[in-house]
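A closer look at the structure
Spelled out from the first residue to the last, the chains are:
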Protein chains: 2
Amino acid sequence: MSANGRLLVVPNTLDFGAAPLDLRLLMPQGVIDAAAALGHWACENAKTTRAFLKRVDAVTPLAQPLQAIDIRELPRTGKGRAAEASPAGLEPWLDVLRAGGDVGLLSEAGLPAVADPGALAVALAHQWEATVVPLPGASALSLALAASGLDGQSFAFVGYVPQDAAARSARLRELEATSRRLGQTQLLIETP
Amino acid sequence: MSANGRLLVVPNTLDFGAAPLDLRLLMPQGVIDAAAALGHWACENAKTTRAFLKRVDAVTPLAQPLQAIDIRELPRTGKGRAAEASPAGLEPWLDVLRAGGDVGLLSEAGLPAVADPGALAVALAHQWEATVVPLPGASALSLALAASGLDGQSFAFVGYVPQDAAARSARLRELEATSRRLGQTQLLIETP
């Protein structure tokens, strides 16, 4: 199937849009302008997407009023976290792409599809023969790695570690052994 | 040892600075302004650093003339590639940081210390108790992963694969097996 539209992978800031912020400090003007032009969004969270678009609007006026913009959350898994449960839930965006329209993909923070939902939407966009355009911006993983002083020539991102103390300890020992054996920096994620 | 200065990890564009480009399209104004203020650079390549600073100057005038800016390449390994051969070669920047000055760390393209030299300079900055500030920008690895549609919740960056056909084929089969066994996307790099 041939869809002539584009899926723009749009980086969000890393602060979850809570406080006032001049987006120009953290985001290229070209990315802000591209976001301001979009009428359709596939997102992790609709509320943080609206907050993001308000910040965009303060720099580059949105091409249409915020309430007229089509903002849909990615299908959720059973855990209630936004993720791609099934390709079926992604059909509304297929219609837009088929009609030659552009769709933005946005996370609550950072780069979609990197330690965040969105990969299935991107994979389907490729399958639909839409053009996928990743835009440059902040990725917490890259920034953490760059600022760590650890080896950035060989590394793995392994997601979350278990909450249970014994399982957590075992997993951390396993990652330490992998790091030594492969000479590979291990990046993991933790929520407050 | 206590150094009061800051090491700013500055993202470069991904095009090696060859053609004319309005930096605002690809880089946050805040990052451009920070780069324009720096008088000392630790870089992978002095020539591409000067090209970068010319692009910065076109948006935000440099705080001092380009020829007055202290631009030094990271120590090279025997192979002639910029890398951190020894901590000794990093002492000029220690002096700047000790005096409370700021130093920028810059790659030829993308984010320093991520699939690029710079990690040892960052590690030493931590050891010297300087403040390390990573700035948001394009990373080829993150953009490739985000645009791939492959799993971005679990991935590894494994660097280059061998040039020799047999060794290359063996390494690719090994990476494929690792990918299957761990459910882990494998990112590798290739030069034209």
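Residues numbered from 1 in each chain as written. Chains lettered and ligands numbered in written order. Predicted model: local features only at pLDDT ≥ 70, side-chain atom pairs only at ≥ 80, totals over all residues. Heavy atoms only, no water.

Turning our eyes to something else, we now look at the overall build of chain A. When its secondary structure is counted, chain A shows 6 helices and 7 strands. When the elements of chain A are put in sequence order from the N terminus, they spell out β-α-β-α-β-α-β-α-β-α-β-α-β. For chain A, the spread of C-alpha atoms along the three principal axes comes to 50 × 40 × 30 Å. For chain A, the proportion of contacts with a sequence separation of at least 24, taken over those separated by at least 6, is 73%. For chain A, the accessible area works out to roughly 8,800 Å², and carbon and sulfur atoms hold 54% of it. For chain A, the distance from the average position of its 16 positive side-chain charges to the average position of its 19 negative side-chain charges is 5 Å. (Helix = DSSP H or I, 4+ residues; strand = E, 2+ residues; numbered from the N terminus. Contact = heavy atoms within 4.5 Å. Areas by Shrake-Rupley, 256 points an atom, 1.4 Å probe, with all protein chains shown as cover. Lys, Arg positive; Asp, Glu negative; His and termini not counted. Charge placed at Lys NZ, Arg CZ, Asp CG, Glu CD.)

This part covers the pattern of salt bridges. Per the counting criterion, the structure on display carries 16 salt bridges over all chains. Ionic pairing is found between A:D102 and A:R6, a salt bridge with its closest N-O pair at 2.8 Å. One end of the pair, A:D102, is in strand β4 (residues 102–106); the other, A:R6, is in strand β1 (residues 6–10), and 96 residues separate them in sequence. Residue A:D102 is classed as partly exposed on the basis of its relative accessible area, which comes to 23%. Here B:R55 ties to B:D15 by a salt bridge, and the two come within 2.9 Å at their closest N and O atoms. (Salt bridge = Lys/Arg side-chain N within 4 Å of Asp/Glu carboxyl O. Buried < 20%, exposed > 50% of the residue type's maximum accessible area, 1.4 Å probe, protein only.)

This paragraph deals with the relation of the copies chain B and chain A. Placing chain B over chain A gives an RMSD of 0.0 Å and needs a rotation angle of 180 degrees, together with 0.0 Å of translation along the axis. Taken together, the rotation and translation relating the two chain copies correspond to the operation of a two-fold axis. (Least-squares fit on C-alpha atoms with pLDDT ≥ 70 in both.)

Contact residues are listed per partner, giving 45 residues for chain B and 45 residues for chain A. For the pairing of chain B and chain A, the buried interface totals around 3,000 Å² over both sides, and the portion due to carbon and sulfur atoms is 63%. Here chain B and chain A share 0 salt bridges between them. On inspection of chain B and its partner chain A, the count reaches 13 residue pairs in polar contact (both at pLDDT 80 or more). Put simply, the parts of the chain that give the side of chain B that touches chain A at least two residues each are α1 (29–37), α4 (119–127), β5 (131–134), α5 (140–148) and β6 (155–160) of chain B. With 7 residues, the top contributor of residues to the side of chain B that touches chain A is α5(B). Residue composition of the side of chain B that touches chain A, grouped by class: 30 nonpolar, 13 polar and 2 charged. Bridge count between strand β6 (residues 155–160) of chain A and β6(B): 3 bridges; the pairing is antiparallel. (Buried area = accessible area lost by both parts, 1.4 Å probe. Polar contact = N/O pair within 3.5 Å; in protein donor to acceptor, adjacent residues only side chain to side chain. Nonpolar A, V, L, I, M, F, W, Y, C, P; charged D, E, K, R; others polar. Pairing = 2+ DSSP bridges.)

As a further point, take the side chain of A:S139. Within the element layout of this structure, A:S139 appears in the loop between β5 (131–134) and α5 (140–148). A:S139 gets classed as buried once you look at its relative accessible area, which sits at 7%. Excluding residues within four positions of it along the chain, A:S139 makes contact with A:L111, A:V114 and B:S142.

Before going further, it helps to examine the sheet that holds strand β7 (residues 185–189) of chain B. As summarised here, the arrangement of the 4 strands in space is β7(A)-β6(A)-β6(B)-β7(B), forming an open sheet in which the pairing is mixed. Either end of the sheet is taken by a strand with one partner, and the two such strands are β7 (185–189) of chain A together with β7 of chain B. Across this sheet, the average inter-strand angle for adjacent strands is 15 degrees, counted without regard to direction. Docked against the sheet, helix α6 (residues 165–182) of chain A engages β6 and β7 of chain A, running at close to 150 degrees with respect to β7(A). Set on the sheet, helix α6 (residues 165–182) of chain B makes contact with β6 and β7 of chain B; between it and β7(B) the angle comes to about 150 degrees. (Axes fitted to C-alpha atoms, helices over the stretch in contact; angles between N-to-C directions.)

Residue and element names in this part refer to chain B. A sheet is described by the order of its strands in space; here 5 strands give the open sequence β3-β2-β4-β1-β5, paired in parallel fashion. Both outer strands of the open sheet, β3 (70–73) and β5, are each paired with one neighbouring strand and no more. Averaged over all neighbouring strand pairs, the angle between strand axes comes to 20 degrees, with direction disregarded. Strand direction decides the pairing type here: strand β1 (residues 6–10) and β5, joined by 4 bridges, are parallel. Across the sheet, the residue bridging to L8 is V133, located in β5. Running over the sheet, α4 touches β1, β4 (102–106) and β5 and is turned about 155 degrees from β1.

Pairs of packed helices are described in terms of their axes, by the angle between the two and the distance that separates them. Residue and element names in this part refer to chain B. Relative to each other, α1 and helix α2 (residues 46–59) sit at 110 degrees, their axes nearing to 9 Å. Considering the angle they form, α1 stands roughly perpendicular to α2. Once α1 is placed against α2, the crossing between them reads as left-handed. Counting all contacts with α1, which are made through Q29, I32, A35 and A36, the residues of α2 involved are F52, L53, V56 and V59. Its residues assigned to classes, the contact of α1 with α2 shows 7 nonpolar, 1 polar and no charged. (Parallel < 35°, antiparallel > 145°, perpendicular 65-115°, else oblique. Left-handed = near helix turned anticlockwise from the far one by under 90°.)

Along α5(A), the residues classified as buried are A:L141, A:S142, A:L143, A:L145, A:A146 and A:A147. Phi for A:G149, located one or two positions after α5(A), is positive at around 85 degrees.

All names here are of chain A. Turning to its location among the elements, G5 is positioned in the segment before β1. Among the residues examined, G5 registers a relative accessible area of 1% and is labelled buried. Beyond its immediate chain neighbours, meaning those up to four positions away, G5 contacts L97, G100, G101, D102, A130 and T131.

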